[in-house]
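A structural walkthrough
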Amino acid sequence: MANDPIHQFQIHRLIPIEIGGLDLSFTNSSLFMALTAAVGAGFLFSATQGRGLVPGRLQSTAELSYEFVANMLRDSAGSQGMQFFPFVFSIFMFVLVGNLFGMFPYFFTITSHIIVTFALAMTVIGVVVGYGIYKHGLSWFQVFVPSGVPGVILPFVVLIEVISFLSRPVSLSVRLFANMLAGHITLKVFAGFVVSLSALGALGIGGAVLPLLMTVALTALEFLVAFLQAYVFAVLTCMYLNDAVHPHH
Amino acid sequence: MFVTQAFAQEADAPPTSHALPPSDTEAAQHGETVQAEGGHEGGFPPMNPQYFASQVLWLAIIFTLFYLVLKRVLVPRLAGIIENRRDRIAHDLEAAERMRLDADEAQAAYEQELAEARQRSQAIGQEARDAARADAEAERKRVEGELDAKLETAQARIAEIKQTALADVGTIAEDVAESILTDVAGLTVSREDVAGSVRAAKS
């Protein structure tokens, strides 16, 4: 079991709660969501505590992430999209801290569960559709009708647009989920090789160096992936929000 | 705490891989299909729908709280700090620009003053030079005038002396002629005759 690479994704009930036949227990997943939110918010809070005109290291990091997301959003959705900044910033920080939390041994990776990433993706799409219809009314659906397309092939183009729109939450959630899941499994498998090889005596210990090096390299890669996937998630969120703000393209 | 609990469950679980792991027994009692995905205990955990409702609920609660805290408190704080700095930098740049303009102005005023002073000094020099020249001219004229006057006086005196000398020549000639006549020729001539002869010889 210690070598089971899947075990790290198991969910346990910490506080069993059941309402109307639904299992709504507070699980280790919930605990790590709460920790992610607490650490993310706590970091931003303590970093901005000094309100320094000349930022310290911590404040620089917080400001850097702020400017990073702000530029991302402004570039893809324009200044009108800036009203979604708190939302995109929350998504980015939540996914980033959640991913990085997964890098601690024995910690639960909330983003390695499809339902979590799918719920986040659906939230994004829900905001896009909800705001688009609220702001532009039914004319928002013109987002599926590109201008300048000949009438004959227009139905096909619209069909393709609709399918591509519907696949967005799937691709958005599966990308993040699969990256985190695969990365953590690989890491665990190689780390498991180190343990099982070193149990085989002197030769095994010599041989264990290779998977150990691999584990070290993979750990670095996983840190990169943790950041990169948070970035990708946020950047795609920005692009989808652009559709809500500017439906005519 | 959760880690130790996880360990405890880990320790319990392995021998009964065909049975339900402890955390799944409750669900099994509620008649849920725990082994929906088959294979692994309780299915492949990241896809296991058993905890979907719980995860969605807690994600909704926690993410909403996170979003609200960020929106209400942290984003305005960060934005305030960054805005504040931007304002300060803009303000400082503006002040620097103003100071530069002031410096330029002062420089221009200084240059102007310098040019004026130079002009003034040239004017003063010119004036002094003119005055000195005029003085020298006047002095020269005065000296020349004096010299002319002296020359005239001297010429007048020379003419007078000449007159006297010429007048004396007659007397001397009479004396000489009388002496010669008396001492050499042994003649006795009156003074008037001698004078008359001298005058005739002279003219």
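Structure: above.
Since the structure is predicted, the reported quantities are computational estimates derived from the model, not experimental observations.

Observations concerning the packing of helix α4 (residues 114–136) of chain A against helix α7 (residues 209–245) of chain A
Residues and elements named next belong to chain A. Across the interface, α4 lies against α7 with an axial gap of 8 Å and an inter-helix angle of 20°. Classified by the angle between their axes, α4 and α7 sit roughly parallel to one another. For the element pair α4 and α7, the recorded crossing hand is right-handed. Note on element contacts: α7 touches α4 through Phe233, Thr237, Tyr240, Leu241, Ala244 and Val245, opposite Thr117, Leu120, Ala121, Val124, Ile125, Val127, Val128, Tyr131, Gly132 and His136. Taken together, the residues of the contact of α4 with α7 break down into twelve nonpolar, four polar and no charged.

Some details on the interface of chain B and chain A
Across the boundary between the two partners, chain B contributes 47 residues, which contact 61 residues of chain A. In this assembly, chain B packs against chain A so that about 5,100 Å² is buried in total across both faces, 72% of it on carbon and sulfur atoms. Put simply, chain B and chain A have two salt bridges between them. At the junction of chain B with chain A, the criterion picks out twelve residue pairs in polar contact (both at pLDDT 80 or more). Counting only elements with at least two residues in the side of chain B that touches chain A, the list comes to α1 (2–12), α2 (22–29) and α3 (52–185) of chain B. With 26 residues, the top contributor of residues to the side of chain B that touches chain A is α3 of chain B. Here the residues of the side of chain B that touches chain A are counted per class, giving 29 nonpolar, nine polar and nine charged.

Cut-offs used in this document
Residues numbered from 1 in each chain as written. Chains lettered and ligands numbered in written order. Predicted model: local features only at pLDDT ≥ 70, side-chain atom pairs only at ≥ 80, totals over all residues. Heavy atoms only, no water. Axes fitted to C-alpha atoms, helices over the stretch in contact; angles between N-to-C directions. Helix = DSSP H or I, 4+ residues; strand = E, 2+ residues; numbered from the N terminus. Parallel < 35°, antiparallel > 145°, perpendicular 65-115°, else oblique. Left-handed = near helix turned anticlockwise from the far one by under 90°. Contact = heavy atoms within 4.5 Å. Nonpolar A, V, L, I, M, F, W, Y, C, P; charged D, E, K, R; others polar. Buried area = accessible area lost by both parts, 1.4 Å probe. Salt bridge = Lys/Arg side-chain N within 4 Å of Asp/Glu carboxyl O. Polar contact = N/O pair within 3.5 Å; in protein donor to acceptor, adjacent residues only side chain to side chain.

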